Amino acid sequence: LVKANVTLEASSISKEGISTKKRPRNSLRNSLSTLASEIAPDFRPKLQLLSHKNAPASKKKRIVNIKSTTAAEATRIKSSPKSMGFLHGQFKASDLFRWSTMDTGIIKNFKPFAIPVTVSNVGRISGYLAMSHVASSALGTMDMAAHQIVFSFFCCLYPLVDALSHTAQSFVPTIFEKQASAGRTKALKQMYNNFFKAGAIFGLSILGLVMCIPFLSRFFTTDLSVIGKVRGAIPGLMTFFSVGGLMCVGEGMLLGQKDLKFLGRMYGAYFFIVPSIMLRLKKRSLLGIQDVGIGDMWGLFSIYQCVRVAIWHIRLRLLQRRIAKDTAGLSAESRS
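Residues numbered from 1 in each chain as written. Predicted model: local features only at pLDDT ≥ 70, side-chain atom pairs only at ≥ 80, totals over all residues. Heavy atoms only, no water.

Draft legend 1. Main features of the packing of helix α9 (residues 244-256) against helix α10 (residues 260-286). For the pair α9 and α10, the least separation of the axes is 8 Å and the interaxial angle reads 135 degrees. With respect to each other, α9 and α10 are oriented oblique. Along the contact surface, α9 presents Glu251, Leu254 and Leu255, while α10 presents Leu260, Phe262, Leu263 and Tyr267. Within the contact of α9 with α10, the residues separate by chemical class into 6 nonpolar, no polar and 1 charged. (Axes fitted to C-alpha atoms, helices over the stretch in contact; angles between N-to-C directions. Helix = DSSP H or I, 4+ residues; strand = E, 2+ residues; numbered from the N terminus. Parallel < 35°, antiparallel > 145°, perpendicular 65-115°, else oblique. Contact = heavy atoms within 4.5 Å. Nonpolar A, V, L, I, M, F, W, Y, C, P; charged D, E, K, R; others polar.)

Draft legend 2. How the structure looks around the layout of surface pockets. Empty space within the largest pocket amounts to approximately 240 Å³. If you go around the largest pocket, you meet 18 residues; those closest to its centre are Asn121, Arg124, Gln169, Glu251 and Leu255. Of all the elements in the fold, those that place two or more residues in the lining of the largest pocket are α4 (104-137), α5 (141-176), α9 and α10. Considered class by class, the residues forming the lining of the largest pocket number 9 nonpolar, 6 polar and 3 charged. By volume, the second largest pocket is sized at about 160 Å³. Lining the second largest pocket, in full, are Tyr270, Ile273, Val274, Ile277, Met278, Leu300, Phe301, Ile303, Tyr304 and Val307. (1 Å grid on protein atoms, 1.4 Å probe; cavity = no way out; pocket = protein on both sides within 12 Å on 5 of 7 lines; lining within 4 Å. Points joined across faces, edges and corners; volume = space filled by probe spheres on them.)

Draft legend 3. Here's a closer look at the environment of Arg280. Along the polypeptide, Arg280 turns up in helix α10. Judged by its relative accessible area of 60%, Arg280 is exposed. For the pair Arg280 and Val134, spaced 146 residues apart in sequence, the C-alpha separation works out to 9.6 Å. (Buried < 20%, exposed > 50% of the residue type's maximum accessible area, 1.4 Å probe, protein only.)

Draft legend 4. A look at the packing of α5 against helix α6 (residues 182-211). Axis separation between α5 and α6 bottoms out at 10 Å; the angle between their running directions is 175 degrees. Overall, the two elements α5 and α6 adopt an arrangement that is roughly antiparallel. Here Leu157, Leu160, Val161, Leu164, Thr167, Ala168, Phe171, Val172, Ile175 and Phe176 of α5 lie close against α6, whose contacting residues are Arg184, Ala187, Leu188, Met191, Phe195, Ala198, Gly199, Phe202, Ile206, Leu209 and Val210.

Draft legend 5. Examining the nonpolar core more closely. Leu237, Phe241, Met253, Met297, Trp298 and Trp312 are the most contacted members of the largest nonpolar core, which totals 59 residues. Put simply, the parts of the chain that give this core at least two residues each are α4, α5, α6, α8 (224-242), α9, α10 and α11 (294-335). The dominant element in this core, judged by the number of residues it contributes, is α5, at 12 residues. Leave out the neighbours within four places in its chain, and Trp298 touches Met131, His147, Val150, Phe151, Phe154, Ala233, Gly236 and Leu237. (Core = buried A, V, L, I, M, F, W, Y, C linked by side-chain atoms within 4.5 Å.)

Draft legend 6. Geometry of a nonpolar patch on the surface. Side chains of Phe215, Leu216, Phe219 and Phe220 sit close together on the surface and give an oily, nonpolar patch of about 460 Å² of accessible area. Structurally, the position occupied by Leu216 is in helix α7 (residues 213-216). (Patch = residues over 30% accessible without salt bridge, like charges linked within 9 Å, V, L, I, M, F, W, Y side chains within 5 Å. Areas by Shrake-Rupley, 256 points an atom, 1.4 Å probe, with all protein chains shown as cover. Salt bridge = Lys/Arg side-chain N within 4 Å of Asp/Glu carboxyl O.)

Draft legend 7. Highlighting the pattern of salt bridges. Within the structure shown, the criterion is met by 4 salt bridges. With its nearest N and O atoms 2.4 Å apart, the salt bridge here joins Glu251 to Arg124. Residue Glu251 is found in helix α9, and its partner Arg124 is found in helix α4; the two are separated by 127 residues along the sequence. Judged by relative accessible area, Glu251 falls into the buried class, the value being 7%. Between Glu177 and Lys258 there is a salt bridge, and its shortest N-O distance comes to 3.5 Å. Note that Glu177 is positioned in the loop between α5 and α6 and Lys258 in the loop between α9 and α10, a separation of 81 residues in sequence.

Draft legend 8. The confidence of the model for the protein chain, seen in detail. The predicted model of the protein chain has a mean per-residue pLDDT of 77, with 70% of residues at 70 or higher. By mean pLDDT, the top-scoring element of the protein chain is α9 (92), and the lowest-scoring one is helix α2 (residues 44-51) (48). Predicted confidence for residues 1-24 stays below pLDDT 50, and this span has 0 contacts to residues more than four positions away or in other chains. Per-residue pLDDT stays below 50 along residues 49-53; that stretch engages in 8 contacts with residues further than four places along the chain or on separate chains. (pLDDT = per-residue confidence, 0-100.)

Draft legend 9. Main features of the packing of aromatic side chains. Summed over the entire model, instances satisfying the criterion amount to 22 aromatic pairs. Relative to Phe240, the ring of Tyr158 lies with its centre 6.3 Å away and its plane at 45 degrees, an arrangement referred to as tilted. Residue Tyr158 is located in helix α5, and its partner Phe240 is located in helix α8; the two are separated by 82 residues in the primary sequence. The pair Tyr158 / Phe240 is uniform in exposure class, with both members buried. Residue placement shows Arg124 over the ring face of Tyr267; its charged tip is 4.9 Å from the ring centre. In this structure, Arg184 packs its charged tip against the face of Phe176, placed 5.1 Å from the ring centre. (Phe/Tyr/Trp six-rings, centres within 6.5 Å; stacked < 30°, edge-to-face > 60°. Lys NZ or Arg CZ within 6 Å of the ring centre and 35° of its normal.)

Draft legend 10. Quick look at empty space enclosed by the protein. The tally for this structure, following the rule as stated, stands at 1 cavity of 30 Å³ or more. There is about 30 Å³ of room inside the largest cavity. Contributions of two or more residues to the lining of the largest cavity are made by α6 and α11. Its residues assigned to classes, the lining of the largest cavity comprises 2 nonpolar, 2 polar and 1 charged.

Draft legend 11. Geometry of the environment of Gly123. Relative to the elements of secondary structure, Gly123 occurs in helix α4. The sequence separation of Gly123 and Phe272 amounts to 149 residues, and the corresponding C-alpha distance is 8.1 Å.

Structure follows, in structure tokens:
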């Protein structure tokens, strides 16, 4: 009897052990199947294969189907095009320097823009280079340090008004490229008036930021003499930015109307005029004729800005009159 009881207890324990061992496996299988139903379908076959790894022989056929599905999926992924190699075998770095590989049609389309745009960009930066040269070669260390601070603020503030130029270049061509009509002429005139107002508002609003430069310069230097030199450049900066919005508006509208030859010629002239004036200022400083500081430099640069504004807007007025005259001629011909 004792033997029988021991045997019965051992058999019950073994059955319970088997059942407890099966429970985690069943729970794991259920959790995997639940997870597979919630995630992307591309990963379901892999999880189903994992959950049926120790499946009985009755489910072998189903596992084979899953394996074939995963193999087909892997083949599809391997055969799909890769984004990093779509130019493989079609382009080499040496092709950039071969004239025979260039499309002559595209070159002809860009040829009218190459020289004017290049000259405009070079002429635009010539004034900044001349000012930095004069500050570093003819002025003292205090003026040079003050010029560095002022130019840093200038580079931070100028993009605020330069955005008007990019905006004008985006909006003007949509109207300018339309067929000549009275509505087109009126729309161009209205757009010019709106951009003129926006340029004036931007210029006046930036004056408040320019007036904060002497206070903010304390975060760049603790030398009171350098801060005093920075204050000397504020009048020139205020003049420059007060008309800066109008300058960017005028330049952007001229670019939008594709008046590139005029801009290229003007900036080609500025490339020689502005540096020559700055170098003359340097000569007067080295000869002791004039006590030159960064205030004088930025004052001359603001005069150059005012000249640009006047020329750009005079040119725009002339273009508007020309467009109105052409439109009136076309309307007269259509009536006759």
